[in-house]
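Structural overview
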Amino acid sequence: EAEVAQSPRYKITEKSQAVAFWCDPISGHATLYWYRQILGQGPELLVQFQDESVVDDSQLPKDRFSAERLKGVDSTLKIQPAELGDSAMYLCASSSRQGEDEQYFGPGTRLTVT
Amino acid sequence: QKEVEQNSGPLSVPEGAIASLNCTYSDRGSQSFFWYRQYSGKSPELIMSIYSNGDKEDGRFTAQLNKASQYVSLLIRDSQPSDSATYLCAPLGAAGNKLTFGGGTRVLVKP
């Protein structure tokens, strides 16, 4: 069964350091999403890609977060510098097309900033 | 008012009983609705999608949608201890490209 891949699964970093997360969506899925989930809350969309283009990054803290999907396949989310409040689960999801199609999540990356 | 509201729980049900989870949403233009199950420390797993008013059944799960009341629910029949998890409600926005998640309802099924 096709799955969304993410790495690393866990990351511990000190504040002010840079950190990066990688995501490989289900093969053939054109739409890719990055979410952040704080403990006890639902996931919140950070950025959405359609192929290599950003569709929605309205909730992405652009002073420290960046995301790219250069070839329209895998994607990287970066935080620089990390802050204590960035500690959360970072989830990647993909769907075959924007709109009604179901989104499938990867295993996530648990980030702890110390 | 939150965009998507769910009772945080925990909803405690005995094994074999029916668990009933509710969700209300504020975006009247939402047309598609999804339920995800999330075990502690894991990522969300899609378990149901519903697009039309009425009921949709899939195994032990039944989703119910009432767009006029902006209400969607999930029933889990014959609840099992393995159903103990947090259930997230997620309507798709009217623009058709963004899921908004509720905070989730934690379900505990006791043997």
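Quick note: structure is the one above.
Conventions and cut-offs
Residues numbered from 1 in each chain as written. Chains lettered and ligands numbered in written order. Predicted model: local features only at pLDDT ≥ 70, side-chain atom pairs only at ≥ 80, totals over all residues. Heavy atoms only, no water. Helix = DSSP H or I, 4+ residues; strand = E, 2+ residues; numbered from the N terminus. Rg over C-alpha atoms; globule rule 2.2 N^0.38 Å. Buried < 20%, exposed > 50% of the residue type's maximum accessible area, 1.4 Å probe, protein only. Contact = heavy atoms within 4.5 Å. Salt bridge = Lys/Arg side-chain N within 4 Å of Asp/Glu carboxyl O. Polar contact = N/O pair within 3.5 Å; in protein donor to acceptor, adjacent residues only side chain to side chain. Core = buried A, V, L, I, M, F, W, Y, C linked by side-chain atoms within 4.5 Å.

1. A few points about the overall build of chain B
The helix and strand tally for chain B stands at zero helices and 10 strands. From first element to last, N terminus to C terminus, chain B shows the α and β order β-β-β-β-β-β-β-β-β-β. In terms of overall dimensions, chain B is globule-like: its C-alpha atoms have a radius of gyration of 13 Å, near the 13 Å expected for 111 residues. With the principal axes as the frame, chain B shows a C-alpha extent of 40 × 30 × 20 Å. In chain B, buried positions account for 45% of the 111 residues. Pairs at least 24 residues apart make up 53% of the contacts formed inside chain B by residues separated by at least 6 positions.

2. A word on the environment of Glu-44 of chain A
Residue and element names in this part refer to chain A. Topologically, Glu-44 is positioned in strand β5 (residues 44-50). Note on Glu-44: relative accessible area 33%, which makes it partly exposed. Separated by 47 residues in sequence, Glu-44 and Leu-91 place their C-alpha atoms 9.4 Å apart. Ignoring any residue separated from it by four or fewer positions in sequence, one finds Glu-44 in contact with Trp-34, Tyr-35, Arg-36 and Gln-59.

3. Some points on the pattern of salt bridges
All names here are of chain B. Under the defined criterion, the tally for this structure stands at six salt bridges over all chains. The partner of Glu-45 in a salt bridge is Arg-37, and the shortest N-O contact between them spans 2.9 Å. Take Arg-37: its relative accessible area is 13%, and that puts it in the buried class.

4. A closer look at the side chain of Gln-37 of chain A
Tracing the backbone through its elements, the reader meets Gln-37 of chain A in strand β4 (residues 31-37). On the basis of relative accessibility, which here comes to 8%, the residue Gln-37 of chain A falls in the buried class. Among the polar contacts listed, one links the side chain of Gln-37 of chain A to the side chain of Gln-38 of chain B, at a separation of 2.8 Å. Not counting residues within four places of it along the chain, the set of residues in contact with Gln-37 of chain A comprises Gly-42, Pro-43, Ala-88, Met-89 and Leu-91 of chain A together with Gln-38 and Leu-88 of chain B.

5. Examining unusual backbone geometry
A cis amide bond links Ser-7 of chain A to the next residue, Pro-8 of chain A, at an omega of -5°. Here Pro-8 of chain A shows up in the loop between β1 (5-7) and β2 (10-13). Omega for the peptide link from Gly-9 of chain B to Pro-10 of chain B comes to 10°, which places this bond in the cis form. Tracing the backbone shows Pro-10 of chain B in the loop between β1 (4-6) and β2 (11-14). For Asp-51 of chain A, which is not glycine, the phi torsion reads 55° and is therefore positive. Residue position: Asp-51 of chain A is located in the loop between β5 and β6 (53-56).

6. Describing the nonpolar core
Counting 22 residues, the largest nonpolar core has Leu-21, Trp-35, Val-72, Leu-74 and Tyr-87 of chain B as the members making the most contacts within it. Of all the secondary-structure elements, those providing two or more residues to this core are β3 (19-25), β4 (32-38), β5 (45-50), β7 (61-66), β8 (71-76), β9 (85-92) and β10 (105-110) of chain B. Examining the composition of this core, we find that four residues originate from one element, β3 of chain B, more than from any other. If we skip the residues at most four places from it in the chain, Leu-74 of chain B touches Ala-19, Ser-20, Leu-21, Trp-35, Ile-47, Met-48, Phe-61, Thr-62, Ala-63 and Tyr-87 of chain B. Counting residues in each nonpolar core, the second largest holds 20 residues, with Val-19, Cys-23, Ala-88 and Cys-92 of chain A among its members.

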